[in-house]
Structure formats: structure tokens, C-alpha cells
Amino acid sequence: MPTWVSVAIVAVLIIAVGGLSWLAITRTQTPPPTEAPRITPTMGVTTPSATPTPTPTPTVEAAAGAAERFLATSEGVLWRATAGACGSVEPLLERSTDAGATWSDVTPRYLGIGQVLSLSPYTGDQAQMVALMGADCTLQGMRTFTDGQFWEPNDEILASSTYVDPANPVAVVTPAGTLDAPCATPTGVRAGGDTTAVICGSAASQSTDATTWSPLDQPGVLALTVAGDGQITTARADAASCDGLVVAEPDAASCVPGLPTDAAVAITLDGDGVPWVWAGDAFTPAR
């Protein structure tokens, strides 16, 4: 075989081996195919959003039963009483001549007083009341001419007073006759002129014809009083506007801070028309 042929064969073999080596190298350097990211199914589950819990609105109601209060004033003398419950809780009747700085106990225990149903001024700086008296809890009108030291019965007081009938608690006795209350357990009954007002829980109503009732549309009423012209003043709780008691007069309302709304309350007007409030242990003018 000629020499040039041998050289050609060797050259072809070298080229072939080099090509195979190049193919092997490039195959090993080819990157693997990219795998699509795996998505985990949610199975339709959703995360609920947080719902704020509403803040409960506190419920306030006027004091009833033995805790009910009465407040009256005339010619600079103040009178106040707790109702009591005949046969179980003794009432307390007090008198003040120094704007409530000090009080004298004038409860007629010697007559066996059992429960106070109404309290109002009588002849100048004296007072009168409707009460249950004695061991048999007899309904009587009582009056004093001696600054509360002595009391005497008087039937005319029964005829001229407004109070809840103890024998029929749904009935409000007025000088014009008996009126069915707008609820089963009325409290805070007060009258002036031709107007009678009453509290049911914390809702107040009035009657001007001794027949029908109409709401005052004042929520949270804890006590009320009625002036001689029939105008009503209330003491009520309104936490959104007052940290204390709101005293709502016919033409204005004011906040009396610091007075409790979770205690028994009574309100009255003095001779100048200024409201006075007795709430818990506090006693103060409202303006």
C-alpha cells in the first residue's frame, strides 16, 4: 500500500474520533429541561376575615320597690325619702335646711310608718306624703306642721295626691281619677298641673288627660319631676354624651359629671326652677 494512502486513512480516523468526542462533550453540557412549578390545590378553603365583636350597650333602669326615692323642696327646705317596703324594709325620711349639707332624720317611726308612696311640700316649708302606716299597712295621707317632728293623718292629702296604688301596682291614682299605667311596674310617678308622668324601666311617658299616655322619647330616664305648669324635667343616663347624669329641662339639657347612673336617683325643682339631683350618695344642684 502506498505511503500516501496510509497517511490519508490515519487522518480520517483522527477526524472521526474528534467528532465523536465533540458530540459527547456537548451532550453532557446540555441543561436539563425546566420543570414547571408545582401548585398545591387549596380545596376551596378560604380564611375568614375577623369580625369585630360589638360592645354591648349597658341597660339602666329607674330604681323600683324599696330603693325608689322621693325628693321635694319648698321655701329653702329640702325633704327626701326612700320608699321602703311595708313589713320588710323601713323607709327613711329626712329634712335639710342648709341646701343638703346636713340632713335630719324625721322618719315617724313612732307611728309605725311602713312605706312612702309620695312626698311633696305642704303649707310653706312643711311637707306631706302618702304612706302605708301601722302593722296592717293602712293607706294614709300624712302631714307635718312641726318640721317633721310630728306627723298626723289627713284624708284630703289622699284626694289631692298622685301615687301608685299599692293594692293594684298597675294603677296610678290621681286627683282626676285612677289611670292604668303604660306598664306593669311603674315607678317615679310625679304630677304637676294637668300632667302626670311615669317611668317604665328607663322609658318615661306622660298623660295630660288622665286617660292616655304618650312617650317622652328620652331614653335612659332614671328620675323625673313635673312643675306646676306641667313641664317635665328628667335625669337620665347617656354614656355617649355625659360621664354622669344628663338633666333635661324643657328648653335645655346639661351634663352633671360624676353622678352615678347605677344607683337610685330622684330630682326636684326649687322655687327658682333650679333642678336638684339626689343620686347615690351625691346631692347637688344641676345648674
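Keep in mind the model is a prediction, meaning the values are calculated, not measured.

A full pass over the atoms with the stated rule returns one cavity of 30 Å³ or more. Approximately 70 Å³ is the volume attributed to the largest cavity. If you trace the largest cavity, you find it lined by Ala62, Ala63, Glu68, Arg69, Thr187, Gly188, Arg190, Ile199, Leu222, Ala223, Leu224 and Val265. Of all the secondary-structure elements, those providing two or more residues to the lining of the largest cavity are β12 (187-192) and β16 (221-226). Here the residues of the lining of the largest cavity sort into seven nonpolar, two polar and three charged.

With that settled, the discussion passes to the sheet that holds strand β20 (residues 265-269). What the three strands build is an open sheet, ordered β20-β21-β22; its pairing is antiparallel. With partners counted over all chains shown, the strands left at the sheet margins are β20 and β22 (282-285), one partner each. The sheet shows a mean angle of 15° between the axes of neighbouring strands, taken without regard to direction. Of the strand pairs in this sheet, strand β21 (residues 275-279) and β22 are connected by four bridges, and their pairing is antiparallel. Within β22, the residue paired with Val277 across the bridge is Thr284.

All chains considered together, the criterion is met by seven salt bridges. In this structure, the salt-bridge partner of Arg109 is Asp105, at a minimum N-O distance of 2.9 Å. By relative accessible area, which is 42% here, Asp105 ends up partly exposed. In this structure, Arg287 engages Glu249 in a salt bridge whose closest nitrogen and oxygen atoms are separated by 2.9 Å.

On to the pairing of strand β17 (residues 232-237), then. Most of β17 is tucked away, with six of its six residues classed as buried. Residues Ile232, Thr234 and Arg236 point to one face of β17 and Thr233, Ala235 and Ala237 to the other, with burial holding for every one of them. Pairing analysis gives five bridges linking β16 to β17, with the strands arranged antiparallel. Considered in β17, the bridge of Val221 is made with Arg236. From the end of β16 to the start of β17, which pair antiparallel, there are five residues, and Gly230 there has a positive phi angle of about 90°. Pairing of β17 with strand β18 (residues 244-249), which is carried by four bridges, proceeds in the antiparallel orientation. Looking at β18, one finds that Thr234 is bridged to Ala248.

Sheets are built from strands that pair by backbone hydrogen bonding, the pairs being arranged parallel or antiparallel. Read across the open sheet, the four strands follow the order β1-β2-β3-β4; overall the sheet is antiparallel. Unpaired on one side and paired on the other, β1 (69-74) and β4 (104-105) mark the two borders of the sheet. Of the pairings in the sheet, the one linking strand β2 (residues 77-82) to strand β3 (residues 92-96) comprises five bridges and is antiparallel in character. Bridge pairing links Ala81 to Leu93 in β3.

Let's shift gears to the nonpolar core. Formed by 17 residues in total, the largest nonpolar core has its most connected members in Trp79, Leu93, Ile113, Val116, Leu119, Met129 and Trp151. If you list the elements that add at least two residues to this core, you get β1, β2, β5 (113-122) and β6 (126-133). Top contributing element to this core by residue count: β6, with four residues. Beyond its immediate chain neighbours, meaning those up to four positions away, Ile113 contacts Pro91, Thr107, Pro108, Met129, Ala131, Leu132 and Met133. Residues Leu222, Val247, Val256 and Ala286 belong to the second largest nonpolar core, which totals 14 residues.

The subject of this paragraph is the pairing of strand β11 (residues 177-180). For strand β10 (residues 171-174) and β11, the ladder comprises four bridges, and the chain directions are antiparallel. Pairing of Val173 across the sheet is with Thr178, part of β11. Adjacent in sequence and paired antiparallel, β10 and β11 are bridged by two residues.

Before going further, it helps to spend a moment on the state of the cysteines. What the rule picks out here adds up to three disulfides. A disulfide bridge connects Cys86 with Cys137, and the sulfur atoms are separated by 1.9 Å. Classification of the bridge connecting Cys86 and Cys137 rests on its S-S torsion, roughly -100°, and on that basis the disulfide is left-handed. Of the two residues, Cys86 is situated in the loop between β2 and β3 and Cys137 in the loop between β6 and β7 (138-144); the sequence distance between them amounts to 51 residues. Its relative accessible area of 27% is what places Cys137 among the partly exposed residues. Note on cysteine connectivity: Cys242 is disulfide-linked to Cys255, with sulfurs 2.0 Å apart. Residues Cys242 and Cys255 are joined by a disulfide whose S-S torsion is about 75°; by sign, that bridge is right-handed. Separated by 13 residues along the polypeptide, Cys242 in the loop between β17 and β18 and Cys255 in strand β19 (residues 252-257) bring together distant segments of the chain. Taking only the cysteines that form disulfides and numbering them from first to last, the protein chain has the pattern 1-2, 3-4, 5-6.

Calculation rules
- Residues numbered from 1 in each chain as written.
- Predicted model: local features only at pLDDT ≥ 70, side-chain atom pairs only at ≥ 80, totals over all residues.
- Heavy atoms only, no water.
- 1 Å grid on protein atoms, 1.4 Å probe; cavity = no way out; pocket = protein on both sides within 12 Å on 5 of 7 lines; lining within 4 Å.
- Points joined across faces, edges and corners; volume = space filled by probe spheres on them.
- Helix = DSSP H or I, 4+ residues; strand = E, 2+ residues; numbered from the N terminus.
- Nonpolar A, V, L, I, M, F, W, Y, C, P; charged D, E, K, R; others polar.
- Pairing = 2+ DSSP bridges.
- Axes fitted to C-alpha atoms, helices over the stretch in contact; angles between N-to-C directions.
- Salt bridge = Lys/Arg side-chain N within 4 Å of Asp/Glu carboxyl O.
- Buried < 20%, exposed > 50% of the residue type's maximum accessible area, 1.4 Å probe, protein only.
- Core = buried A, V, L, I, M, F, W, Y, C linked by side-chain atoms within 4.5 Å.
- Contact = heavy atoms within 4.5 Å.
- Disulfide = S-S within 2.5 Å.

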